[in-house]
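# Structural overview
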Amino acid sequence: MVRNLVTQLEEAFLSLLLVAMTLLVFAEVVMRFGFNSGIHWAQELTLLLAAWFVLYGASYGVKVGAHIGVDVFVKLLPTKAHRFFTLLAVVLCLIYCGLFLYGSWIYLSKMKMIGIELEDMPVPKWLAMSILVIGFVMLIVRFLQLGWKVITKEADGFHFSDEAEESMELAKELQGLDAKEQAADTSNKGERS
């Protein structure tokens, strides 16, 4: 129950970011080309919303297995080797995220110490850019969760999005619909004769 609520909140937040970014760009285009004016802070806010969307969305993508990866070779390996390489990849991802988290922390602490604000809005730059730390902390948590699932054998890998498999399922669904339509056409022709 709590897990579903957290997932729904995450999805709502990502949707809000995407809608806000889209509406802001639309309003800016209308203002610029329709009224020959603009919103002077729109570009900066759009970039910030995009950064929040990407960094927050990356951790959500790890959670639901929405990232695309090439795992054909790893899937061919025996189960123990597959799990080993998955855990090795998780460790490498944790190291990568840890390095970026460390760099982000230093960057944000310097921005706070200096007291720089955004160029077009009166908001402290460290506050607006705090998604750097938040996003990498969330990624570390997601990779730790995935690593634990692999260790406890709840998962066997990253569960990347398999576009080829999804395409084949769509093709089968379309074939099924075509077969139903042909059967309906045949029965309609039989009733008319």
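Going by the structure above, here's the rest.
Heads up: these notes are all about the structure in this document. All of these numbers come straight from a predicted model, not from anything done at the bench.

## Remarks on unusual backbone geometry
In this model, N36 sits at a positive phi of 55°, which is unusual for a non-glycine residue. With respect to the helices and strands, the residue N36 is situated in the loop between α1 (2-34) and α2 (42-64). Given the relative accessible area of 74%, N36 is considered exposed. Its identity as a non-glycine residue notwithstanding, K153 has a phi of 65°, on the positive side. Among the structural elements, K153 can be located in the loop between α6 (131-151) and α7 (163-192). Assessed through its relative accessible area of 64%, K153 is described here as exposed.

## A closer look at the state of the cysteines
A covalent bond between the sulfur atoms of two cysteines is what we call a disulfide. Taken as a whole and assessed by the stated rule, the structure comprises 0 disulfides. In this model C97 remains outside any disulfide bridge; the closest cysteine sulfur is found in C93, 6.5 Å from its own. For C97, a relative accessible area of 2% corresponds to the buried category.

Rules used in this analysis
- Residues numbered from 1 in each chain as written.
- Predicted model: local features only at pLDDT ≥ 70, side-chain atom pairs only at ≥ 80, totals over all residues.
- Heavy atoms only, no water.
- Helix = DSSP H or I, 4+ residues; strand = E, 2+ residues; numbered from the N terminus.
- Buried < 20%, exposed > 50% of the residue type's maximum accessible area, 1.4 Å probe, protein only.
- Disulfide = S-S within 2.5 Å.

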